[in-house]
Structures are given as structure tokens and as C-alpha cells.
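Summary of structural features
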Amino acid sequence: MDVGFFGIEVALALGAALAFYMAWAIGANDVANAMGTSVGSGALTITGAVLVAGLLEFSGAFLAGGHVTNTIRKGMLDAVLVEQNPELVLYGMLAALASAGTLLLVATRYGLPVSTTHSIVGAIVGFGAAGLGVDAVAWGKVGQIVASWVTSPLIGGVLAFLIFGLIRNRVLDRDKPIEELTKIGPFFFFYVFFIMGLVTLFKGLKNLKLDLDLPEALAASTALGLVGAAFGVVLMRRASRRAGEMKDDADQFRHVERVFVVLQIMTACAVAFAHGSNDVANSIGPLAAVHSIVTTGAAATTASVEPWMLALGGLGIIIGLATWGYRVMETVGKKITELTPSRGFAAELAAATTIVLASRMGIPVSTTHILVGSVLGVGLARGIGALDLRVVGSIFVSWIATLPLAAVLSVFFFYFFKGLLGS
Amino acid sequence: MSVIANLFGRSPIRPMQAHMQAASECARAILPVLEAMATGDMDALDQGRKTVDELEHRADELKHEIRRHLPKRLFMAVERRDMLEILDCQDSIADVAQDVAELAALRHMRTPEVLKAPLLALVESAIATCAQSECVINELDELVETGFGRHEVARVEAMIDKLNGLESLADERAEQALRTLFSIEDEIGVGAYYWYEIIQWIGDIADYAERAGNRIRLLIAN
């Protein structure tokens, strides 16, 4: 491939640096949204949340993050045109990282609810339309992604509404809520382990050269679910025994909430895993595209995501968490004390399910928006004291503003990188 | 700031409970006033009035605080309108208690002998109604915590039934006090009018307390 003044290695280094910055920003801001609900309800301490987030975000990205990465890398642009213009795609992907990174920086500075996912999708559409032509953008796929930004919070909300209804009828509204919860808890453990297992194992572990078909994946996930359930039985029994020792019937619900903490920690892990599977792709996807172009000189080969990229993404998130994220988490936690463990559990279970299913289908969704939808779902079931609907408005504004803004920025950066690196 | 953090508004429930407690204390504070009127201790009467005033003041501050934090954009487990109406009832408890203490202190009222027992019975009944209403309002957070589960709803409804019973009793006692008042009407002249007001107001305290609780019944129903 023809390279410009700076050489191809510079492009790769630039891509890696930008991807690292994106991962850092995700760790610093987005993870707080995912884990803040657990910190707020007192299920996890800040340190605990940082550890859980670091570990599970990384696992989610590594084990189940491939599908979204592929969509971002090549799903939104016409495959033939991409193949014919590797150098343009190279500049474009760098531009996508740069513009999404800039937006994130501005958003963090001014406190705007900008989604990493939306920025990246907007940026790719922007450079695709400007650099490769309007027809190069797979508008059908882009439309599907944009539609999912409306439907995914809705699905999260409906699920959360139903899960909270179930908790109310099966636990909170019973004579002996703690005993009921101890009975029903392991089923939730089974469900979470099963779902997380299934999305990961079914044709998901190409990174580990482990390609299971559906029956195998189902069998393995069921086994995993059963292990999870057994684990759940032990944990739930211990928690309810401890709650039982503190006998004062007036505050029975506080004891129930203490038992819910066990379930909420489990779903917090699931959200971190789901978040990793969906959001890390935002930084890794463009980098993977840059890498495959630089190393092979072609844009559409099926080169998989290299482990070092995932390590880079994971490391970025962990450093983001350690340098800035824990503080955001603390603030989030302090502000959402209204969210008790039972509510946090319902919202997180709904959100995690929605996110992993979307990312399994290769649809990049906004984790934060789905969480907002889920929390609203619990609120609609009359589960939360007060919710500020202004946030919903600000999300709509960010939907309308982020896409074109990211697209325009990306066009600008596209020509910038073309001038800088192009021959 | 984080989107998720901004999603959570301040729930008005605990402040509402604090306000109800303040209003209930106001109602309790007219007992010393009535006792001072019975013994004719005017210093104690003034002191009692001062206490009621201070308590009413505190309730007022809490009320303004709650109103300030109830913007329309809040989506709540309990409807905003219901909250405001309950708040109004609670506020009236404190206001009317203040009216009673004020009139009694300004006119240096001394309770006629025959009116002492019926009046004391009425005040105790009104205070008991307020206390029961306070218990009902205190269940609001449990109602939300259980997501308005059937068990908790049934429990609260039983408490409201008891509240209705207490208010009926206060009504009867108010009627009894009025009957006694009218029997001595000719002896006390124009003072009868003011005693009439005092008795009505104390009855109103019980009435407002009941209304606050009844509002919870409506709130549960929807």
C-alpha cells in the first residue's frame, strides 16, 4: 500500500493511542453509570465496584465483544467499496476514533449525556458518506442500529417492569419475604449464568478457538447455570441466616433488602460483563480495522481482533476507572440512594439481558440509555420514590445532536488524516 | 454529571413524614394550652401558645421545603397532586392548632367548670386522631418499598379504618362539648361565640387529620 510522509506505523500507533484514550474515557465515565446503581444501593463499595468492573468489563470484552466489534469494523459500510479503498478506510477509522474521542472530551467537560456508541456510529457514517460516497454507507444496517436506540431502552424498561412485578408478587408481598427470596434467588442466579453463558459460548469464543454449535452451547450454558444456581443457594442461605439473626420485625424490609444485596452484586457483575461486551468494541472496533489494513494492506479480510488490542482496551478501562471513574462512581452512588438493592437488582437484570442480547446480535447499543430505560421501568411499577424526567428529555436531545455532530467532526478529521498521512 | 445520577429526584416521602410529625406535635401542644385555660394559669397559657407558634413555624418551613422540591417533571411512585393535597391537610392541622392557641391566649380564656371535662375529652380525641394519621403517613415509605403490595395495602387500610373510627369519636365529643356549651350559653354571654369557635376548631384538627389519611386510601386505589 502506498503510504505518505509519516509511514504506516505512525497510523497504527495513532490508532492505538486514540483507541486507548477512548477506552480510558469509557472507564472514567461510562462504567460509573453501569456500576453506580450498585454503589448507590450499598451493594458494593467503591473499591469493590472498581475491582468487579475491571475484571468483568475485561472478560465481557474478551469473551463476548467480538460481534459488535465486527459491526463497527465493517458492518456499516459497503464491503466492496471498503475493499477497494483501504487507505480511505484507514483515515476514516482514525477520524472516527478522533471525533468520538473529542466529543467525549467535550461531553465530560460540559456534562452532556453523550453516548460513546452513538459517537462512533455517527463518526463512521460521517466519514463513510464523505470519503467513500453516500452509497457506501449500509443505510439499512445503520437504520437498524438507530432504531435499536429507541427499542433497546424500551425493552429494558418493559423487562424491568416485569421483573419488579415478579419480585413484588413473589417476595415483597409475602408474609415471610426473606424465606421466599431465599427460595427464588437461585433461579435468578441460574438465569443470569445461563444467559451470559449462552451469548458467550454460542459461536462466540472464536478468540479461544472454541466454536460451539447451538446444542453444545445450550448444554454448556445449562451446566454453567446450574453451577451458578448452586452458588446462589449457598450465598442466599448465608445472607438470609445473617438477616434472620437481626430480629426486629418493624424493619423487616430492611432485612429483605440486605438479602437482595447478594442478587444485586451478581447482576452488577452481569452489567459489567454486558457493558464490556458492547462498549469496549467502540474503541477496539476502529483499531481492529486500522490494524488489519496496516498489516495486510486490505480492508475486508476476516482478520480477527488481536488479543493485544483487547488487552489495550481492558487496560484503558482499568486505568480510566482508577484515575477518574471511582470518583464519578462515588458521585453517582451518593445521588441515587433512593435505589434500594431490590430495585437495583430489577433494573440491572433487565439492562444486562437487553445489552448482551443486542451485542450478541452485533448491534451497538448505549448501555447507559438502556439502564435509564430499566430504571424508569421500575419507576413505572411504582417502585421508586421520585424520578427526574428531565433526563429523558436530555437523552432525546443527545440522540438528535450526537449523530450529526460526530459525523461532521469525523468528516473534518477524515480530511485532516488524509492530508497528514496520505500520499 | 452522569445521566444515571441525574435520573433520581429527591423523594418527597420522608420530608412529608417529617412534616406530619411536626403538624402532629402542634396538635399535641394545644393540650397544655387547654390545661392552662382550665386551671386559669395565664402565664402557662402564654407559654403554651408560644410553644404552639414555634412548632407551627417549623412545620411551615418543612412545607415550603417540600413544595420547592416537587417540580412537575418528577415522576413519583405517589402522585404529585395527592402529595400536595396531603401536605395541605397536614398544614391545616398545624394552622388550626395555632388558631386555637392564639384565640385562647389573646382573650385570656378560662374554661367554665362544666365545659372542662368535655373539652379535655375532645382535645385528647383530636390528638389521638392526629397520632393515628401520623402512623398512616409513616407507612408511605413501606408502601413504596413493597411496591404497593397487597399485604401492606391491607395493613394500611386497616390503619385508616381505625383513623376513621377515631375521627367519629372526636365528632361525637365535639357535639357533646357543644351541647354543654349551649346549656350555659345564657350565663357566659358573648364568650359563648368564642367557645363555639374553639370547639369547632379542635374538631377541625381531627377532621384534617382524617382527610390526610383518607387521601392515602385514594392513592393506594389508583
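We now turn to the structure provided with this report. (Residues numbered from 1 in each chain as written. Chains lettered and ligands numbered in written order. Predicted model: local features only at pLDDT ≥ 70, side-chain atom pairs only at ≥ 80, totals over all residues.)

Describing the overall build of chain B
- Helix and strand counts for chain B stand at 10 helices and one strand.
- When the helices and strands of chain B are listed from N to C terminus, the series reads α-α-α-α-β-α-α-α-α-α-α.
- Seen through its C-alpha atoms, chain B measures out along the principal axes to roughly 70 × 35 × 20 Å.
- The buried share among the 222 residues of chain B stands at 49%.
- Relative to all contacts within chain B whose residues are 6 or more apart in sequence, the contacts with residues 24 or more apart total 86%. (Helix = DSSP H or I, 4+ residues; strand = E, 2+ residues; numbered from the N terminus. Buried ≥ 20, exposed ≤ 12 C-beta atoms within 10 Å, placed from the backbone. Contact = placed C-beta atoms within 7 Å.)

Remarks on the interface of chain A and chain B
- Across the boundary between the two partners, chain A contributes 35 residues, which contact 27 residues of chain B.
- Counting only elements with at least two residues in the side of chain A that touches chain B, the list comes to helix H1 (8–40), helix H7 (139–172), helix H11 (307–335), helix H13 (367–380), strand E1 (386–388) and helix H14 (390–421) of chain A.
- A per-class count over the side of chain A that touches chain B returns 19 nonpolar, nine polar and seven charged.
- One ladder, built from three bridges, connects E1 of chain A with strand E1 (residues 74–76) of chain B; its direction is antiparallel. (Nonpolar A, V, L, I, M, F, W, Y, C, P; charged D, E, K, R; others polar. Pairing = 2+ DSSP bridges.)

Brief notes about the packing of helix H2 (residues 13–28) of chain B against helix H4 (residues 42–68) of chain B
Residue and element names in this part refer to chain B.
- In contact at an axis separation of 9 Å, H2 and H4 are set at 160° when each is read in the N-to-C sense. Considering their axes alone, H2 and H4 lie roughly antiparallel with respect to each other. By crossing handedness, the relation of H2 to H4 is classed as left-handed. Listed contacts from H4 to Pro15, Met16, Ala18, His19, Ala22, Ala23, Glu25 and Cys26 of H2 are Val52, Leu55, Glu56, Arg58, Ala59, Leu62, Lys63, Glu65 and Ile66.
- Partitioning the contact of H2 with H4 into residue classes produces 11 nonpolar, one polar and five charged. (Axes fitted to C-alpha atoms, helices over the stretch in contact; angles between N-to-C directions. Parallel < 35°, antiparallel > 145°, perpendicular 65-115°, else oblique. Left-handed = near helix turned anticlockwise from the far one by under 90°.)

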